[in-house]
Amino acid sequence: MADYKKAIPVPNDLTKDYWEGAKQHRLVLKRCADCGRYSHPPLPTCPRCQSEKMVATPVSGKGTLYSYSVMRNAGNPGFESEIPYAVAIVELTEQKALFTVSNLRDCPLDQIKIGMPLEVVFEDVTPEVTLPQFRPARKG
Amino acid sequence: MAIRNPMRDKSCIVGVGHSGCFRDAGVPGGTLVARACLQAINDAGLEPSDVDGIITSPMPGIMGYDTINCNYLVEMLGLPGVRWWIDHHVGGVPGLGSVCMAALAVSSGLCDVALACRLNWRPKDKGYGHVMSNRAQGVDAFLNPYGYGVFPQKFSSWYMRYVHEFGVKREQLGTYVVQSRKNALLNDKPIVAPRQAITMDDYLNARMISDPMNLLDCDFPCDGAAAVIVTTPERAKSLKQKPVYISAVATGQGPHPDFVFWDDYTVMAAHWAAKDIWERAGIARKDINFQQIYDGFAPFIFYWMEALGFAKRGEAPEFVGSGALKPDGILPTNLNGGQLNEGRLHALGHTVEATLQLQGRAGARQLKKADAAVVTGGGLSVAAIMVLHR
């Protein structure tokens with residue numbers, strides 16, 4: 001997409017399940033088939049039990065805001081017109097300190113609170129690429 | 001297990017060189033690093049032919065200049081006797097890591113006169129550290145598409161969690177930032193920061209870069225170079241300057257290559273590096289007279305104070321806010337103005353200042369009592385520490 005100026009993820013052997021999942025609007029992480037630990041970003045070997053059986057596993061897409069920052073400076077291609085924008089460190093409910101990064105959707109900057117419940121939404125940014133994003137969790 | 005440190009006091013710093021730091025030096029990076037290295041060799045009372053070890057962290061070729069690595073320096077400086085060299089990423093801390101490696105090489109006998117140097121070169125055709133590609137690979141694929149590819153941004157979200165957990169008041173960090181500029185005004189080398197005091201109001205009103213870090217919390221990318229000569233205590237006896245002994249060095253790294261995915265944003269690589277540093281050094285924390293602490297971003301000061309044990313976990317903001325780090329406080333810190341003001345030499349500028357203080361050569365900045373010091377580099381994803389005494 002010539003008019004999409006932001007960085008595009010380039011999948012590799014380890015991450016293709018994640019990005020394929022995103023295209024289907026599912027959040028899919030690598031999980032150890034032996035000890036059950038999730039690893040994100042994906043690793044080929046489980047860092048807890050060193051098993052090589054890392055299996056692509058869909059997760060709930062629910063989490064809480066562990067930390068964040070509001071970006072007010074340039075440096076990322078395509079984001080110039082969005083300044084100021086928030087980046088969230090989301091702790092997924094499946095596991096302590098299982099973090100993923102996204103922007104914050106549907107949340108004014110002055111209403112961001114560490115600990116707030118979040119849920120995943122999917123944005124098809126090009127015909128080939130979908131980005132998982134997070135927004136404040138809705139009831140129900 | 002008993003602490004083992006056979007390299008304690010088996011090497012010492014005997015010469016320093018510093019090009020000064022500039023927004024735009026107007027000369028190639030190679031020129032700056034050559035100036036700093038030759039100055040350090042001369043300061044020690046040595047000749048280039050005496051240097052038999054060289055350690056640096058290569059600076060990538062930028063703006064058409066070649067990569068400055070050991071090989072480049074050996075040719076440019078005319079070092080015929082080099083038998084030990086390392087282009088390294090030790091501790092990932094390009095400046096202080098080189099001094100740590102020099103101490104290791106000299107104390108183990110790999111070489112007798114080691115030159116450790118660091119060049120920083122600011123690209124003039126783009127923002128320093130900006131994301132240049134819109135194809136995000138590897139871990140970057142999970143970060144850059146969200147406009148989260150620049151180092152200060154990532155550290156800001158880290159520090160946000162620290163602020164959340166420990167309730168930092170902005171004035172507490174401001175106390176350090178305002179004082180560091182005051183210290184810098186006594187620095188007789190060219191520095192990057194404006195030679196102008198700042199007030200707490202200036203600090204509190206500075207433009208936000210990425211919340212909660214503002215412009216004055218960030219150091220200056222610069223053109224500059226610094227170098228030190230490390231040799232044996234025996235060799236030092238016949239040299240020009242008083243030796244500054246290296247008691248201990250240490251490096252540390254965290255649990256994941258990208259700190260965004262660490263499980264605790266209040267503990268840095270600094271904590272791993274500092275784990276048993278005082279036992280290794282054989283110097284008690286209370287006997288440290290001053291410190292040169294890595295301050296590429298001002299909040300690093302908090303983490304380092306906790307890592308080194310000068311403050312309990314979560315209590316560094318109160319400690320720093322009390323004025324403890326002022327030159328007349330209990331732990332004078334960054335007497336050259338730190339990296340925040342002098343310029344980004346990745347703690348090699350810190351090393352030069354610690355050496356000058358311990359040798360009694362720091363001019364208007366000289367502390368009355370300067371017997372032992374700690375120098376730190378980096379701190380976040382990678383860290384290095386060095387304990388020095390006279």
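Quantities reported herein were computed from a predicted structural model and do not represent experimental measurements.

**Examining the overall build of chain A**
When its secondary structure is counted, chain A shows one helix and nine strands. When the helices and strands of chain A are read in sequence order from the N terminus, they spell out β-α-β-β-β-β-β-β-β-β. Compactness check: chain A gives a C-alpha radius of gyration of 16 Å against a globular reference of 14 Å for 140 residues, within 12% of the reference. Each principal axis of the C-alpha distribution contributes one length, and for chain A these read about 45 × 35 × 30 Å. Counting only residues that meet the buried cut, chain A has 53% of its 140 residues in that class. The long-range fraction of contacts in chain A, counting pairs at least 24 apart against all pairs at least 6 apart in sequence, stands at 50%. When the accessible surface of chain A is split by element, carbon and sulfur atoms take 50% of a total near 6700 Å².

**A short note on unusual backbone geometry**
Residues and elements named next belong to chain A. Note the cis peptide between Ile-83 and Pro-84, where omega equals 0°. Positive phi, normally seen in glycine, also occurs at His-25, with a value near 60°. The residue His-25 is located in the loop between helix 1 (16-23) and strand 2 (28-32) in this model. According to the relative accessible area criterion, His-25 is partly exposed, its value standing at 37%. Positive phi outside glycine occurs at Gln-50, with the angle close to 65°. Position of Gln-50 relative to the elements: it lies in the loop between strand 3 (38-39) and strand 4 (54-58).

**Here we look at the nonpolar core**
Counting 148 residues, the largest nonpolar core has Ile-13, Phe-155, Trp-304, Met-305 and Leu-308 of chain B as its most contacted members. No fewer than three residues from each of domain 1 (10-59) and domain 2 (60-140) of chain A sit in this core. Dropping the residues within four chain positions of it, Trp-304 of chain B is found in contact with Ala-270, Ile-293, Tyr-294, Thr-376, Gly-377, Gly-378, Gly-379, Ala-383, Ala-384 and Ile-385 of chain B.

**Considerations on the interface of chain B and chain A**
With 38 residues of chain B in contact, the opposing surface of chain A contributes 39 residues. Carbon and sulfur atoms make up 61% of the area that chain B and chain A hide from each other, which totals about 3200 Å². In terms of surface lost to chain A, no three residues of chain B exceed Phe-142, Pro-145 and Tyr-146 of chain B, which account for 25% of the buried area on that side. One can count one salt bridge joining chain B with chain A. Two residues, Asp-211 of chain B and Arg-72 of chain A, come together in a salt bridge whose shortest N-O distance is 2.7 Å. Run the count over chain B and chain A and you get 19 residue pairs in polar contact (both at pLDDT 80 or more). For the side of chain B that touches chain A, the secondary structure elements donating two or more residues are strand 5 (135-136), helix 4 (151-166) and strand 6 (208-210) of chain B. Examining the composition of the side of chain B that touches chain A, we find that seven residues originate from one element, helix 4 of chain B, more than from any other. Residues of the side of chain B that touches chain A, tallied by class, amount to 17 nonpolar, 14 polar and seven charged. For strand 1 (residues 8-9) of chain A and strand 5 of chain B, the ladder comprises two bridges, and the chain directions are parallel.

**Remarks on the environment of Val-375 of chain B**
Residue and element names in this part refer to chain B. Within the secondary structure, Val-375 is located in strand 11 (residues 372-378). On the basis of relative accessible area, Val-375 is assigned to the buried category, the value being 0%. Setting aside residues no more than four positions away along its own chain, Val-375 makes contact with Leu-96, Gln-292, Ala-347, His-350, Thr-351, Ala-354, Ala-384, Ile-385, Met-386 and Leu-388.

**Quick word on helix 2 (residues 70-77) of chain B**
All names here are of chain B. Those residues of helix 2 not exposed but buried are Cys-70, Leu-73 and Leu-77. The buried residues of helix 2 occupy an angular sector of 60° when projected down its axis, which confines them to one face. Residues of helix 2 that are exposed and point more than 90 degrees away from the buried face comprise Asn-71 and Glu-75. Its side-chain oxygen 3.3 Å from the backbone nitrogen of Asn-71, Asn-69 forms the N-cap of helix 2. Directly beyond the C-terminal end of helix 2, a positive phi value near 65° is found at Gly-78.

**Focus on the domain arrangement of chain A**
Frequently, the measure chosen for interface size is the accessible area removed from exposure when the parts meet. Residues and elements named next belong to chain A. According to the domain assignment, chain A contains domain 1 (10-59) and domain 2 (60-140). The centre of domain 1, based on its C-alpha atoms, is set 20 Å off from the matching centre of domain 2. Tallying the contact residues gives 13 residues for domain 1 and 16 residues for domain 2. Buried area between domain 1 and domain 2, summed over both chains or domains, comes out near 1200 Å², and the portion from carbon and sulfur atoms is 65%. Taken together, domain 1 and domain 2 are joined by zero salt bridges.

**Quick look at the sheet that holds strand 3 of chain A**
All names here are of chain A. Reading across from one edge, 3-2-4 is the order of the three strands in this open sheet, with antiparallel pairing throughout. At either end of the open sheet lies a strand with only one pairing partner, and these are strand 3 and strand 4. In this sheet, strand 4 lies alongside strand 2 in antiparallel orientation, the contact comprising five bridges. Counterpart to Val-28 in the pairing with strand 4 is Pro-58.

What counts, and at which threshold
- Throughout, a residue's number is its position along its own chain's written sequence, starting from 1.
- Labels are handed out in written order, letters beginning with A for the chains and numbers beginning with 1 for the ligands.
- Where totals are concerned, whole chains, interfaces and linings use all residues; where local detail is concerned, this predicted model gives features only for residues with pLDDT of at least 70, and gives and counts side-chain atom pairs only at 80 or more.
- Side-chain measures here rest on the full set of heavy atoms in the structure, leaving out hydrogens and waters.
- By the criteria applied, helices consist of DSSP H or I runs no shorter than four residues and strands consist of E runs no shorter than two, each listed in order from the N terminus.
- Here the globule rule reads 2.2 Å times residues to the power 0.38, and the radius of gyration is calculated from C-alpha atoms.
- Summary of the burial criterion: residues with accessible area below 20% of their type's maximum are buried, those above 50% are exposed, and those between are partly exposed, where the area comes from a 1.4 Å probe applied to protein chains only.
- Contact criterion: two residues are considered in contact whenever any of their non-hydrogen atoms come within 4.5 Å of each other.
- Per-residue and other accessible areas follow the Shrake-Rupley method at a 1.4 Å probe size, with only the shown protein chains counted as cover for residues.
- Within this scheme, the nonpolar core is defined by two criteria: the residues are buried Ala, Val, Leu, Ile, Met, Phe, Trp, Tyr or Cys, and they are joined through side-chain atoms within 4.5 Å.
- Reported domain spans reflect what an automatic or database domain assignment gives.
- When two components associate, each loses some accessible surface as probed by a 1.4 Å sphere; the sum of these losses over both components is called the buried area.
- Salt bridges are defined as contacts in which a side-chain nitrogen from Lys or Arg sits within 4 Å of a carboxyl oxygen from Asp or Glu.
- Under this definition, polar contacts are N or O atom pairs within 3.5 Å; protein pairs additionally need one hydrogen-donor-capable and one acceptor-capable atom, and for neighbouring residues in sequence, both atoms have to be side-chain atoms.
- Residue polarity follows a fixed list, in which Ala, Val, Leu, Ile, Met, Phe, Trp, Tyr, Cys and Pro are nonpolar, Asp, Glu, Lys and Arg are charged, and the others, Gly among them, are polar.
- By the convention used here, strands pair only if DSSP detects at least 2 bridges between them.
- The directions considered for the arc run from the helix axis to the C-beta atoms.

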